[in-house]
Every structure is written in structure tokens, then in C-alpha cells.
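# Structural characterization, general
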Amino acid sequence: MIETQQQPSVTSVAVKYGFLTALVGVVYSLIIMVADLGDNRILSSLAYLILIGGIVLAMKQYKAQSGGYMSYGQGLGIGSIVSVLFGLLSGLFTWIYTSFVDTEYMPRMMEKQREQMIQQGLSDEQIDAGMKMAENFQGPLTMILGAAVITLIFGFILSLIISAIMKNSRPEFE
């Protein structure tokens, strides 16, 4: 009698870890925003470590449920779904926070950006153009979808690398 193992769903594992990773990311973002450290690029970039951790944990979980096997494509799918959920929920949180909780957050960040541009010696025209461009990304749709698209692109690139490291394809003939 041949025993077949139930293959887990890439989507179910990825959605579970996408939401968990996004929850951790939102809590981290909340801490940064409340502490008014949103302009600190190093601290803001650490959110991507949360994303990497979520992708790795999701792939480990998938492999554990499928007898230690995960193809490159399955890993890429898991990482992409985790990334897009992370981006969507992070963008949604940022929009809600800046629109309803701390309505002065974005103006403070814009002023800090303006000061940085002045310190860099940019002309008034360059500063005005940069500020105008930044204002265009403050609407709800651009904030939410922009975060999702950017995080998906970055997460896809990360998933290419992580999947290559973690893949363990099933033997052709068992």
C-alpha cells in the first residue's frame, strides 16, 4: 500500500504568515510613528527584516507540512503572497494612522524632508518639486497600493533568493 501525504496549500500557509507578519510590521510601525522616528531611514528599513523573517518562517512551515519538500516556484509564491499582504496592510495602517489618529504626522515628516533638502544645498525649485512629488503620494489609494506594489517588488526579489536557498524539490521517482 502506497502512503500519500496531503500536500499543504501554498496560499493557506502564505496568507496565514502574511497576516502574522503584517501584524508584527504594523506594531513596529506604530512604535516608530508614536516615537516620531519615521524619518530615521535605518529604523524604517528594519521593517524589511520583519518581512524577511515572515517569508522564511512561512517557507519553513510549508516545508514542515509537506514532508520537507518545497519547490522553487512554491517558495516564490509563498514569499510573494506574504509580501503583498504585508504591503497592503502596512499601507492601510499608515493611511489610517496619518488620516485619523495623528493628522499632523505627515506635515511633520514633510517639514523634516524639507529641512534635509535645504541641508543638502538643493535649490528652492528642486525643493518645491520634491515636496510636490511627496504630496502626490499621500492619498489613500496611492498610500495603500503604493506600499503593496513596492513591498511586492522588494519581497519578490527577496523570495527569489530565499527560495533558492530553502528549496528542496521532491525526487522525480519515488
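Throughout what follows, the structure given in this document is the object of discussion. Just so we're clear, the structure is a prediction, and the values are computed from it rather than from any experiment. (Residues numbered from 1 in each chain as written. Predicted model: local features only at pLDDT ≥ 70, side-chain atom pairs only at ≥ 80, totals over all residues. Heavy atoms only, no water.)

What follows concerns a nonpolar patch on the surface. A contiguous nonpolar patch, built from Y72, V149, L152, I153, F156, I157, L160, I161 and I165 and spanning about 790 Å² of accessible area, is present on the exposed surface. In terms of residue count, the dominant contributor to the nonpolar patch is helix α7 (residues 140-166) (8 residues). With respect to the element layout, L160 can be found in helix α7. (Patch = residues over 30% accessible without salt bridge, like charges linked within 9 Å, V, L, I, M, F, W, Y side chains within 5 Å. Areas by Shrake-Rupley, 256 points an atom, 1.4 Å probe, with all protein chains shown as cover. Salt bridge = Lys/Arg side-chain N within 4 Å of Asp/Glu carboxyl O. Helix = DSSP H or I, 4+ residues; strand = E, 2+ residues; numbered from the N terminus.)

On to unusual backbone geometry. Among all residues save glycine, negative phi is the norm, and among peptide bonds the norm is trans. Of note in this structure, D36 is not a glycine but carries a positive phi near 60°. Looking at D36, the relative accessible area reads 24%, which means it is partly exposed. (Buried < 20%, exposed > 50% of the residue type's maximum accessible area, 1.4 Å probe, protein only.)

Now for the packing of helix α3 (residues 47-65) against α7. It is the contact of α3 with α7, at a shortest axis distance of 10 Å, that shows an interaxial angle of 45°. Between α3 and α7, the angle falls in the class oblique. With respect to the hand of their crossing, α3 and α7 are arranged in right-handed fashion. Of the residues in α7, those in contact with Y48, L51, I52, I55, V56, M59, K60 and K63 of α3 are I150, T151, F154, G155, L158, S159, I162, S163 and M166. Here the contact of α3 with α7 is composed, by residue class, of 11 nonpolar, 4 polar and 2 charged. (Axes fitted to C-alpha atoms, helices over the stretch in contact; angles between N-to-C directions. Parallel < 35°, antiparallel > 145°, perpendicular 65-115°, else oblique. Left-handed = near helix turned anticlockwise from the far one by under 90°. Contact = heavy atoms within 4.5 Å. Nonpolar A, V, L, I, M, F, W, Y, C, P; charged D, E, K, R; others polar.)

Okay, the nonpolar core next. Ranked by size, the top nonpolar core spans 18 residues in total, and within it M59, I78 and V82 carry the most contacts. Of all the secondary-structure elements, those providing two or more residues to this core are α1 (10-34), α3, α4 (72-101) and α7. I78 has contacts with V10, A14, A58, M59, Y62 and M70, leaving out every residue within four places of it along the chain. Grouped together as the second largest cluster of nonpolar side chains are 8 residues, V26, Y97, M109 and M143 included. (Core = buried A, V, L, I, M, F, W, Y, C linked by side-chain atoms within 4.5 Å.)

With 19 residues, α3 ought to run about 27 Å at 1.5 Å a step, and its terminal C-alpha atoms sit 27 Å apart, in line with that. When α3 is considered as a whole, its buried residues turn out to be A47, I50, L51, G54, I55, A58, M59 and Y62. Down the axis, α3 shows its buried residues gathered within 165° of arc, on one side only. In this structure, α3 carries L49, K60 and A64 as exposed residues pointing more than 90 degrees from its buried face. Buried residues belonging to α3 abut α1, α2 (41-45), α4 and α7. Looking at the residues trailing α3, positive phi occurs at G67, about 70°. (Expected span 1.5 Å × (residues − 1). Arc of directions from axis to C-beta.)

Counted according to the given criterion, the structure contains 5 salt bridges. Put simply, R108 and D36 hold a salt bridge, and the shortest N to O gap is 3.3 Å. Of this pair, R108 sits in helix α5 (residues 105-119) while D36 sits in the loop between α1 and α2, and the two are 72 residues apart along the sequence. Take R108: its relative accessible area is 29%, and that puts it in the partly exposed class. Between D128 and R114 there is a salt bridge, with the nearest N and O atoms lying 3.9 Å from each other. With D128 in helix α6 (residues 124-136) and R114 in helix α5, the pair connects residues that are 14 residues apart, well separated along the chain. Each of D36, D39, D102, R108 and K112 takes part in one network of salt bridges that share partners.

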